[in-house]
Amino acid sequence: MRALLILHFIWVVSPLESKHPPGHLKPLGSHQPPLGSIDTTDLVPSSQDFFEQNVLPGTPVLLKGAAKKMPAYSKWTDEYLSETFGQEAIDVEEGKKENRSLATFRFNLQDFISRYKNEDIYMVESLPVKMREEYALLKSLSCGGYTNVLQDAVVWFSSGGTKSVLHYDAVDNINCLFDGTKELLLINKSHLEQAHIDKVNGAFSSVDVDKVDMYKFPGLQSIPYYKAFMEPGDCFFIPAKWVHQVRSYGARNLAVNIWWAHFITFNQSDCEHSPYKDKDLIPLNLFDFHPQEAVRQATLQSVGELPVNLEQWVKLIQAETDAHEDEVPLIPKEILEQNFHEIDMNKDGYVSPKEIYDIKYDDLQRLLGYTEEEEEGEEEDEDGDKSDSTKEEHVQTEETIEEIPDTDDTLDREHTEL
């Protein structure tokens, strides 16, 4: 009789316990199958085709084998990197599961290479200047405006097993993989609100990507997503504001991604006069990064194609800062008005897209809504915290580290993978 009661209890209770939302406390993406496949091509598109087919509409694409002709693909073994660039100073992060509260350490590349296969560490570093000659821009970025708005190039180097947070980038991005494999989960920017990006400073979600709490993050219960897989030599384009999460595999995983500010007007004349328009690969060391250009492009997209008057200008800039109030301080109206009159070069009472384009690079942040106080704060951030987050980052030199503890928390990165 007791056995029958136990069986009855199991039969009654088990169905109730199994009625959690699909994917609850399971890895991200377990709630339902992915959507159809991501566009894939063996041909690297021209700059204009890439802009029209992928950049402007925001359509991801996997470029199979596109990195195999880069010098980095064949040269960058551990031995070569150690011997050639071993003294380059790099940032090394604690924990291969991204954890934005742990420490970042300063190694040289040679020391990292001697340790990364045996320790829970991850190199995330802007591509050192000396290495840029061996990393190349694809012909898709050779002209049309891309090289004028380059933001950064970042090395991702580990022994595999890395897991990024769920996040998005406000800029466009191509990641090229030289060793190992990657699995990407991608969510269309049209579902951005559903993705629970609850950490405004850093544009990421606090969800545990290995154990998704579907009650705490209900939007993820039904969110549609894509999956993509990268093999050595592949490059992958992720459009601005597409939410994504990345996992890396292999005993050695090495990739470099290039970021550029999203723009909406292709510069045909740039292609007509560019010395690189017919080249399949262009060494990155031929170009400079212009991070402030992201401010110009965002302003152009807010303004649109028609000139705006002073009242419209103030409303547009204030709306932009209100939307990012945790990241950008509110700007006094008198400063916005002063900047408007300085940008209005022909003094017709309107600011046009051309006048925004004509702002000198060094004046961009000041004239497009950044106060001197904020610029000073950003300089301090680069010298100290090196993070878009308001959290403290603890930076140590390699010599001070005896052991890096394991952890399941997430890491304060200057860059988030892909």
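Computed from a prediction, not measured in an experiment: that's the story for all the values here. (Residues numbered from 1 in each chain as written. Predicted model: local features only at pLDDT ≥ 70, side-chain atom pairs only at ≥ 80, totals over all residues. Heavy atoms only, no water.)

Caption draft 1: Representation of the overall build of the protein chain in the model. Scanning the protein chain from terminus to terminus reveals 12 helices and 15 strands. Accessible area of the protein chain: about 20,300 Å², with a carbon and sulfur share of 50%. (Helix = DSSP H or I, 4+ residues; strand = E, 2+ residues; numbered from the N terminus. Areas by Shrake-Rupley, 256 points an atom, 1.4 Å probe, with all protein chains shown as cover.)

Caption draft 2: Just the pattern of salt bridges, in detail. Counted under the stated rule, the structure contains 20 salt bridges. In this structure, Lys163 engages Asp210 in a salt bridge whose closest nitrogen and oxygen atoms are separated by 3.0 Å. Within this pair, whereas Lys163 is found in the loop between β7 (150-158) and β8 (172-187), its partner Asp210 is found in the loop between β8 and β9 (226-230), the two being separated by 47 residues in sequence. Residue Glu342 pairs with Arg366 through a salt bridge whose shortest N-O separation is 3.1 Å. Note that Glu342 is positioned in helix α9 (residues 333-343) and Arg366 in helix α11 (residues 364-367), a separation of 24 residues in sequence. According to the relative accessible area criterion, Arg366 is partly exposed, its value standing at 28%. Each of Lys97, Lys163, Asp208, Asp210 and Arg247 takes part in one network of salt bridges that share partners. (Salt bridge = Lys/Arg side-chain N within 4 Å of Asp/Glu carboxyl O. Buried < 20%, exposed > 50% of the residue type's maximum accessible area, 1.4 Å probe, protein only.)

Caption draft 3: Main features of helix α2 (residues 47-55). For α2, the full list of buried residues reads Ser47, Phe50, Phe51, Asn54 and Val55. Taken end-on, α2 shows its buried residues confined to a sector of 110°, consistent with a single buried face. Close packing links the buried residues of α2 with β2 (61-63), β8, β10 (235-238), β11 (243-260) and α6 (268-273). (Arc of directions from axis to C-beta. Contact = heavy atoms within 4.5 Å.)

Caption draft 4: Structural detail: the pairing of β8. Summarising burial for β8: 14 of the 16 residues are buried, a large majority. Summarising the sheet, β8 and β11 pair through 14 bridges and their orientation is antiparallel. By the bridge assignment for β11, Asp179 is matched with Leu254. When β8 meets β10, the two strands line up antiparallel, connected through four bridges. Residue pairing in the sheet places Asn175 in a bridge with Phe236 of β10. Summarising the sheet, β8 and β9 pair through five bridges and their orientation is antiparallel. Across the sheet, Leu186 pairs through a bridge with Tyr226, a residue of β9. (Pairing = 2+ DSSP bridges.)

Caption draft 5: Up close: the side chain of Glu355. On the secondary structure map, Glu355 appears in helix α10 (residues 353-357). No salt bridge is formed by the buried Glu355. Its closest oppositely charged neighbour is Lys347, at 7.9 Å. One polar contact links the side chain of Glu355 to the main-chain amide nitrogen of Ser352, over a distance of 2.9 Å. If we skip the residues at most four places from it in the chain, Glu355 touches Ile343, Asp344, Met345, Asn346 and Tyr350. (Lys, Arg positive; Asp, Glu negative; His and termini not counted. Polar contact = N/O pair within 3.5 Å; in protein donor to acceptor, adjacent residues only side chain to side chain.)

Caption draft 6: Main features of unusual backbone geometry. Phi at His196 is positive, roughly 55°, even though this residue is not glycine. Along the chain, His196 turns up in the loop between β8 and β9. Here Lys347, not a glycine, exhibits a phi torsion of approximately 55°, which is positive. Secondary-structure assignment places Lys347 in the loop between α9 and β14 (350-351). The exposure class assigned to Lys347 is exposed, which follows from its relative accessible area of 56%.

Caption draft 7: Examining the packing of aromatic side chains more closely. Using the criterion set out here, one finds 18 aromatic pairs in the structure. Measuring from centroid to centroid gives 5.4 Å for Phe51 and Phe263, while their planes differ by 20°, and the two rings are stacked. One end of the pair, Phe51, is in helix α2; the other, Phe263, is in the loop between β11 and α6, and 212 residues separate them in sequence. With relative accessibility at 4%, the residue Phe51 sits in the buried group. A ring pair is formed by Tyr146 and Phe263, whose centres lie 5.1 Å apart and whose planes are at 75°; its orientation type is edge-to-face. Within this pair, whereas Tyr146 is found in the loop between β6 (136-138) and β7, its partner Phe263 is found in the loop between β11 and α6, the two being separated by 117 residues in sequence. Assessed through its relative accessible area of 3%, Phe263 is described here as buried. Ring pairing ties together the aromatic residues Phe50, Phe51, Tyr146, Phe237, Trp260, Phe263 and Phe266, which thus form one cluster. (Phe/Tyr/Trp six-rings, centres within 6.5 Å; stacked < 30°, edge-to-face > 60°.)

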